[in-house]
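Survey of secondary and tertiary structure
What follows is each chain in one-letter form.
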Amino acid sequence: MDGVLFDIDDTLVDLEQAMGHTLQAIPDPALSHLGDDDWVRYKALYTTDPQRHYDRFLAGELTFEEQRVHRVRHARAGFTPEPFLGRVAEAWVRSYEQMLPQHFRAYEDVVPLLDALDARGVPYGAVSNNVHDYQRAKLDRAGLQRIAVLVGIDTVGVAKPDPAIYREGARLIGTAPERTLYVGDNRLVDAEGACSAGLVGVWLDRAGRGEERGTDSGTTTGVLAEGASEVPRIAGLPAVLQFLPPVR
Ligand SMILES: [Mg+2]
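Residues numbered from 1 in each chain as written. Predicted model: local features only at pLDDT ≥ 70, side-chain atom pairs only at ≥ 80, totals over all residues.

A tally of helices and strands in the protein chain yields 11 helices and 7 strands. Here the C-alpha coordinates of the protein chain stretch approximately 60 × 40 × 30 Å along the principal axes. Buried residues in the protein chain amount to 34% of all 248 residues. Here the contacts in the protein chain between residues at least 6 apart in sequence split such that 60% fall between residues at least 24 apart. (Helix = DSSP H or I, 4+ residues; strand = E, 2+ residues; numbered from the N terminus. Buried ≥ 20, exposed ≤ 12 C-beta atoms within 10 Å, placed from the backbone. Contact = placed C-beta atoms within 7 Å.)

One recurring pattern in soluble globular proteins: nonpolar side chains tend to sit buried together. One finds Leu5, Ala126, Tyr166, Tyr182 and Val202 to be the most contacted residues of the largest nonpolar core, which totals 52 residues. No fewer than three residues from each of domain 1 (3–13 + 105–243) and domain 2 (15–103) sit in this core. Ignoring anything within four residues of it in the chain, the contact list for Tyr166 reads Leu5, Val127, Lys160, Tyr182, Gly193, Ala194, Ala197 and Leu199. (Core = buried A, V, L, I, M, F, W, Y, C linked by C-beta atoms within 7 Å. Domains from an automatic or database assignment.)

What follows covers unusual backbone geometry. Geometrically, the link from Lys160 to Pro161 is a cis peptide bond, its omega value of 15° lying close to zero. With respect to the helices and strands, Pro161 occurs in the loop between helix H8 (153–156) and helix H9 (163–173). Its identity as a non-glycine residue notwithstanding, Asp49 has a phi of 55°, on the positive side. For Asp49, a count of 17 C-beta atoms within 10 Å translates into the label partly exposed. Its identity is not glycine, yet Arg52 carries a phi of approximately 60°, on the positive side. Among the residues examined, Arg52 registers 13 C-beta atoms within 10 Å and is labelled partly exposed.

Structurally, the protein chain comprises domain 1 (3–13 + 105–243) and domain 2 (15–103). With centres defined by C-alpha atoms, the gap from domain 1 to domain 2 works out at 26 Å. Residues of the side of domain 1 that touches domain 2, tallied by class, amount to 3 nonpolar, 1 polar and 4 charged. (Nonpolar A, V, L, I, M, F, W, Y, C, P; charged D, E, K, R; others polar.)

This part covers the pairing of strand E2 (residues 124–127). What you see with E2 is no split at all: Tyr124 and Ala126 on one side and Gly125 and Val127 on the other are buried throughout. By the bridge criterion, 3 bridges tie strand E1 (residues 3–6) to E2 in an arrangement that is parallel. Bridge pairing in E2 places Leu5 opposite Gly125. Bridge count for E2 against strand E3 (residues 149–151) is 3 bridges, and the pairing is parallel. Residue pairing for E3: Gly125 is matched across the bridge by Val149. For the crossover that starts at E2, traverses helix H7 (residues 132–141) and ends in the parallel E3, the hand is right-handed. (Pairing = 2+ DSSP bridges. Right-handed = clockwise from strand over helix to strand, strands pointing away.)

This is the structure:
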C-alpha cells in the first residue's frame, strides 16, 4: 500500500468516550436519580443512536443540532417523564456543544502510527462522515493537527459509502485508490464501503466485536456473518503497518 486514509470518529478520536463524559457532566435534575448502570444504558442509547437520527442528518433531513436533540430526547425518555423541549433542550444543547470538544482525545495508538507513517514517507489523511470544519476542529483539539488532508461530507457533497468520498481522499494524498488503505471502525460504511470504491478497506475492531459473533480469530482476516463481505479486520492501529512495505 502506498497511502492510508482513516475514519475519524471512534477510529482516531474516541468520540464515544467524549460523548459519555459530556452526557454525564451536563447538569440535568431530571436525571439526578440515575445509578451507575442507568448511566451506562443512557449513554449507550445516545451513542449507538438506535433510531438512526445521524443517518437522517447525512440524508439532509435533520440539521446536526436537530439529530443531537432527537438522540438525547430518545435516550432521556427511557429514564424520565420530563419533556425535553424548549429552554430545557436549548440549554442542554449549549452545554453539550461547549463541553464535548473538551473531551476530544486521540486513541493512544494514533500518534505512534502516524510517527511510523511519517518515518516511512507514507502519506495519510482522513475521510469522515461529518462536515470538514467541524472535523478539522476535532482533529486539532485531539492534537492531530498533522493530519493535513481531511475530506468531509461537504468536500465532495456526498457521504460514505458513496465511492466519491473515499476516492477524493486518495486523490488528495496522491495515491491510486487500489494502493490506498482505508481504516475505520464501522465494518459496513468504512471497510466494505471503501472496498466497493476500489480502495483496500480494513475494519478496525477495537472491541473485538467480530469475535463476539463467533467469527474467526488469530488472523487478521475476519470471516463475517453469512452474506457479509470478508474484509481484513484489525484490533488496533499498530496492525496497519503490516499492510505497508517493510522498512529497508
Ligand atoms: Mg467511525
